[in-house]
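Geometric and topological summary
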Amino acid sequence: MGLLSAGEPMSWEEMKPWQLHVRKYGVKQFIKLYNRLKDEKGRALKWGDEVEYIIVKLDHESRKARVSLKAEELLAKLTVKEELMKEEVEKTGSSQIELLSLWRPEYASYMVEGTPGVPYEGSMSFFNTVEHNMRVRRNELEALLEKDEICVSLSTYPRLGCPDFTFPPTHPDPQNPDNFTKSLFWPSKATFLGHPRFSRLSANIRERRGEKVAINVPIFKDVNTPDPFIEDFSGLGDDGSSANAAKPDHVYMDAMGFGMGLCCLQLTFQADNICEARSLYDQLAPLCPIMLALTAASPCHRGYLVDTDCRWDIIAASVDDRTREERGLDPLVHNKFVIPKSRYDSIDSYLSGCCKNWNGYNDKELIYDEEIFKELCDGGVDVLMAQHVAHLFIRDSVSMFQNKIKSDGSYDEDDLDHFENIQSTNWQTMRFKPPPPGQGIGWRVEFRPCELQISDFENAAVVCFVVLLTRAILSYKWNLLMPISLMDENMKRAQKRDAVLNQKFYWRKDIFTVSEDSDPQIEELSVDEILNGIPGSDYQGLLALVREYMRGLDDVEADTSCTLSNYWQLLSQRASGKLKTNARWIRDYISKHPSYRGDSMVPENTLYDLMVDIDKIQKGELKDAALFVRAERKSKTKDIKS
Ligand code: ADP
Ligand code: MG
Ligand code: MG
């Protein structure tokens, strides 16, 4: 979830006098870097994925599954090779150790993040190693677990925040003045405490906002769900604020962990140059809601089935540090702007020259700091980029470290730390990543909407599809742009229950249009139509276009081609509804379980069975033809056991 710095993190009060400093010098750092690197070209395509895993402890006797709070202990072991490598590089200048994986902490103490040891490169053969590498990562983690533990790649752990959901047992402590969440449900120890950033960030967000975060997700009303559904929090130590913030007929949550403790699948690409990175940022943005709907995997929260399928709005609310004034509830007195979205949300403006060809793309009034905007423009940054940065910079810093602030008020103009401070806590569907100074890395973009899937097979399918789309988009110069306001609407629709089956999304059909003298042809299409095409029309669908792109390449080995067709089949059948999304599959599993009482509550033994079966599915020991069917692999090169 962004950069981790060494040093003591500051409290909200300690940070207040430094907000201006970080913003002012963050902008100066960006301007300097931008001017130094804006004309740099010729970076190779590199890319990589990020997968988060949840550690689960199974109690076979009482048939309970709990999240196991041992990320810190596991990370100490998972990062040994990386540490050895760093030492070797320091001593000898180079390293004999080739890393297959890198491991990082995440918000919750039951989760770890794994990425490939080195990024993938341009050759098509890498597509045949993605799933293998995911399997290697999972095996590395599994090798460190106890016999009664498993790791799952699940967007949402269904009973987060329920009594007794952790191992070892922990308890929320809302009245304790040192408690950084004040949550009625989230125990402090469920947050990763091995690095002080996460607890500080939670406290700072709450303090800046002026109250606890409030997450309200519509409950899925089943036959025995109370109507209206209203929870009584008085026995949990509520001071009345939770009862006020909780909406009837909604599942209420009150801590950052309910959002940042969810897992996702992210992808980062390095572009040849800044222009290409800007194009990718824009072109992939309209795809975000579509991929969110297709990968939907979050049907339960705090032990209840909910009426939505995706995590996105929940994370948005879980880190929403806007004050009442900024949320438009009170007149602006202390704050500068009314801000329509949380700092975790979909993007608000396009960045590439493409969006200048028609004036309806950036159709939302962009809120930004005029002074910062002017400074960026005066510093040689073009209007679109200046607006983007000035928009990110409407947010305060919510995470500062003592060692990054110099008491004499000076700053390092060649660093990017103050810029990254604001940038890395703006969690949007797409992230435009400037090159980190001195690391030989180019301009990158990150694709962040996808929900995490149960198996490596499904995750690899999603990853390979998005990466190949980027190749096809750049090669054929497609244009997927549509007005930002329509993408916002698509984000709302994407999260609805069974959006793949029931929702239509604004989508551009004339994607081959380069120069535009007329308005884009935007229609409302289903995910099925967007991916699989519209029979009898010229819109063939994204899967056909990716296949066509591959046919034009001469370096696709038969084995890679076979792997990819399996992936395309999965995505095609998910889009058409022939196969269930992870959300629908989990929902059905719970609803059909003999212990489920039709009251929207996920029983403990149901969760236990679900975890056991999910583990078998990801290991290939259990197959459910409603979730995915994979043709037997003939591959000789990649044995997934290594
Ligand atoms: P963050 O958490 O800020 O998104 P991470 O460092 O966790 O970033 O993940 C970065 C991702 O980018 C990983 O998948 C990694 O393999 C990939 N990656 C690393 N170096 C490059 C590069 N030069 N170009 C593109 N992707 C890269
Ligand atoms: Mg990361
Ligand atoms: Mg990331």
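In this text, all values refer to a predicted model and were calculated from it rather than measured experimentally.

The next point concerns the overall build of the chain. Scanning the chain from terminus to terminus reveals 22 helices and 17 strands. Relative to a compact globule of 642 residues, whose C-alpha radius of gyration would be 26 Å, the chain shows 24 Å and is just as compact. With the C-alpha coordinates of the chain rotated into their principal frame, the extents come out at 65 × 60 × 60 Å. Burial analysis of the chain (642 residues in total) assigns 60% to the buried set. For the chain, the computed accessible surface area is about 25300 Å², with 50% contributed by carbon and sulfur atoms. Positive and negative side-chain charges of the chain, numbering 81 and 100 respectively, have mean locations separated by a distance of 2 Å.

To continue, consider the layout of surface pockets. Empty space among the atoms can be located by rolling a probe the size of a water molecule over them. The computed volume of the second largest pocket comes to approximately 820 Å³. Asn-216, Asp-313, Ala-316, Ala-317 and Asp-345 are the residues nearest the centre of the second largest pocket, which is lined by 31 residues in total. Those elements giving two or more residues to the lining of the second largest pocket turn out to be strand E7 (215-218), helix H11 (312-318) and helix H16 (484-494). Ranked by residue count, the leading element in the lining of the second largest pocket is H11, at 5 residues. Of the residues belonging to the lining of the second largest pocket, the class tally is 13 nonpolar, 6 polar and 12 charged.

Gly-48, Asp-49, Glu-50, Gln-270 and Glu-446 are the nearest of the 16 residues found near ligand 1. Taking Glu-50, its side chain carries an N or O atom lying 2.9 Å from an oxygen atom of ligand 1. Glu-446 is positioned such that a nitrogen or oxygen atom in its side chain is 2.9 Å from an oxygen atom of ligand 1. Contact with the protein chains hides 79% of the accessible area of ligand 1, taken as 580 Å² for the molecule alone. For the shell around ligand 1, the secondary-structure elements that each account for two or more residues are strand E1 (46-59), strand E4 (111-116), strand E9 (265-270) and strand E15 (444-447).

Here we come to the coordination of the magnesium ion (ligand 3). With distances of 2.0 to 2.6 Å, the protein atoms coordinating the magnesium ion (ligand 3) are Glu-50 (OE), Glu-50 (OE), Gln-266 (OE1) and Glu-446 (OE). Along the chain, the residues donating to the magnesium ion (ligand 3) fall in the pattern E-x215-Q-x179-E. Between the magnesium ion (ligand 3) and the magnesium ion (ligand 2) the interatomic distance amounts to 3.7 Å, and Glu-50 serves as a bridging ligand to the pair. In this pair, Glu-50 sits in strand E1 while Glu-446 sits in strand E15, placing the two residues 396 residues apart along the sequence. The exposure classification of Glu-50 matches that of Glu-446, with both residues buried.

Before going further, it helps to examine empty space enclosed by the protein. What the rule picks out here adds up to 7 cavities of 30 Å³ or more. Put simply, the largest cavity is a space of about 70 Å³. Lining the largest cavity are Phe-180, Thr-181, Ser-202, Ile-205, Arg-206, Lys-212, Val-213, Asp-254, Ala-255, Met-256 and Ser-318. Sorting elements by how many residues they give to the lining of the largest cavity places helix H6 (residues 197-209) first, with 3 residues. In the lining of the largest cavity, the residues fall into 5 nonpolar, 3 polar and 3 charged. Counted as a void, the second largest cavity has a volume near 40 Å³. In terms of lining, the second largest cavity is formed by His-388, Leu-392, Gln-423, Asn-426, Gln-428, Met-430, Arg-431 and Phe-432. Those elements giving two or more residues to the lining of the second largest cavity turn out to be helix H13 (383-392) and strand E14 (430-433).

What follows concerns the nonpolar core. One finds Phe-447, Trp-568 and Met-611 to be the most contacted residues of the largest nonpolar core, which totals 198 residues. For Met-611, the residues in contact, after removing those within four places along its chain, are Val-56, Leu-58, Ala-65, Ile-150, Val-152, Leu-154, Tyr-157 and Pro-158.

What follows concerns the packing of helix H19 (residues 542-551) against helix H20 (residues 558-576). Two numbers describe a pair of packed helices, the interaxial angle and the distance between the axes. Between H19 and H20, the shortest axis-to-axis distance is 11 Å and the interhelical angle comes to 170°. With respect to H20, the element H19 is oriented roughly antiparallel. In this structure, H19 meets H20 at a crossing whose hand is left-handed. Mapping the contact onto sequence places Leu-543, Val-546, Arg-547 and Met-550 in H19 and Leu-564, Trp-568, Leu-571 and Ser-572 in H20. Within the contact of H19 with H20, the residues separate by chemical class into 6 nonpolar, 1 polar and 1 charged.

Burial runs high along helix H9 (residues 274-284): 8 of the 11 residues are buried. Within the span of H9, buried status applies to Ile-274, Ala-277, Arg-278, Leu-280, Tyr-281, Asp-282, Gln-283 and Leu-284. Between the side-chain oxygen at the start of H9 and the backbone nitrogen of Cys-275 there is a gap of 2.8 Å, and the oxygen is on Asn-273.

Mapped onto the secondary structure, Arg-322 falls in the loop between H11 and strand E12 (344-345). The class of Arg-322 is buried, set by a relative accessible area of 10%. A distance of 2.7 Å separates a polar atom in the side chain of Arg-322 from a polar atom in the side chain of Asp-320.

Moving on, we come to the confidence of the model for the chain. The pLDDT averaged across the chain works out to 94; a share of 97% of its residues lies at or above 70. In this model, residues 635-642 is a region of pLDDT below 50 whose contacts with residues beyond four sequence positions or in other chains number 14 contacts.

It is worth spelling out the packing of aromatic side chains at this point. Evaluation of the coordinates by the stated rule reveals 33 aromatic pairs. Three or more aromatic residues joined by ring pairs make a cluster, and in this case those are Tyr-107, Tyr-110, Phe-165, Phe-185, Trp-186, Phe-192, Phe-198, Phe-233, Tyr-252 and Phe-258. Against the face of Phe-220 rests Arg-587, its NZ or CZ located 5.6 Å from the ring centre.

This paragraph deals with the environment of Lys-86. Secondary-structure assignment places Lys-86 in helix H4 (residues 80-92). For Lys-86, a relative accessible area of 42% gives the class partly exposed. Put simply, Lys-86 and Ile-97 are 11 residues apart on the chain and 9.6 Å apart in space, counted from C-alpha to C-alpha.

Note on terminology: disulfide describes a covalent bond linking the sulfur atoms of two cysteines. Counted by the stated rule, this structure contains 0 disulfides. Cys-264 carries a free sulfur, and the closest cysteine sulfur to it, the one in Cys-263, is 7.4 Å from it. As a non-bridged cysteine, Cys-354 has Cys-355 as the owner of its nearest cysteine sulfur, 7.5 Å distant.

Rules behind the numbers
- Residues numbered from 1 in each chain as written.
- Chains lettered and ligands numbered in written order.
- Predicted model: local features only at pLDDT ≥ 70, side-chain atom pairs only at ≥ 80, totals over all residues.
- Heavy atoms only, no water.
- Helix = DSSP H or I, 4+ residues; strand = E, 2+ residues; numbered from the N terminus.
- Rg over C-alpha atoms; globule rule 2.2 N^0.38 Å.
- Buried < 20%, exposed > 50% of the residue type's maximum accessible area, 1.4 Å probe, protein only.
- Areas by Shrake-Rupley, 256 points an atom, 1.4 Å probe, with all protein chains shown as cover.
- Lys, Arg positive; Asp, Glu negative; His and termini not counted.
- Charge placed at Lys NZ, Arg CZ, Asp CG, Glu CD.
- 1 Å grid on protein atoms, 1.4 Å probe; cavity = no way out; pocket = protein on both sides within 12 Å on 5 of 7 lines; lining within 4 Å.
- Points joined across faces, edges and corners; volume = space filled by probe spheres on them.
- Nonpolar A, V, L, I, M, F, W, Y, C, P; charged D, E, K, R; others polar.
- Near = heavy atom within 4 Å.
- Polar contact = N/O pair within 3.5 Å; in protein donor to acceptor, adjacent residues only side chain to side chain.
- Donors = N, O, S within 2.8 Å, 3.2 Å for Na, K, Ca; no water.
- Core = buried A, V, L, I, M, F, W, Y, C linked by side-chain atoms within 4.5 Å.
- Contact = heavy atoms within 4.5 Å.
- Axes fitted to C-alpha atoms, helices over the stretch in contact; angles between N-to-C directions.
- Parallel < 35°, antiparallel > 145°, perpendicular 65-115°, else oblique.
- Left-handed = near helix turned anticlockwise from the far one by under 90°.
- pLDDT = per-residue confidence, 0-100.
- Phe/Tyr/Trp six-rings, centres within 6.5 Å; stacked < 30°, edge-to-face > 60°.
- Lys NZ or Arg CZ within 6 Å of the ring centre and 35° of its normal.
- Disulfide = S-S within 2.5 Å.

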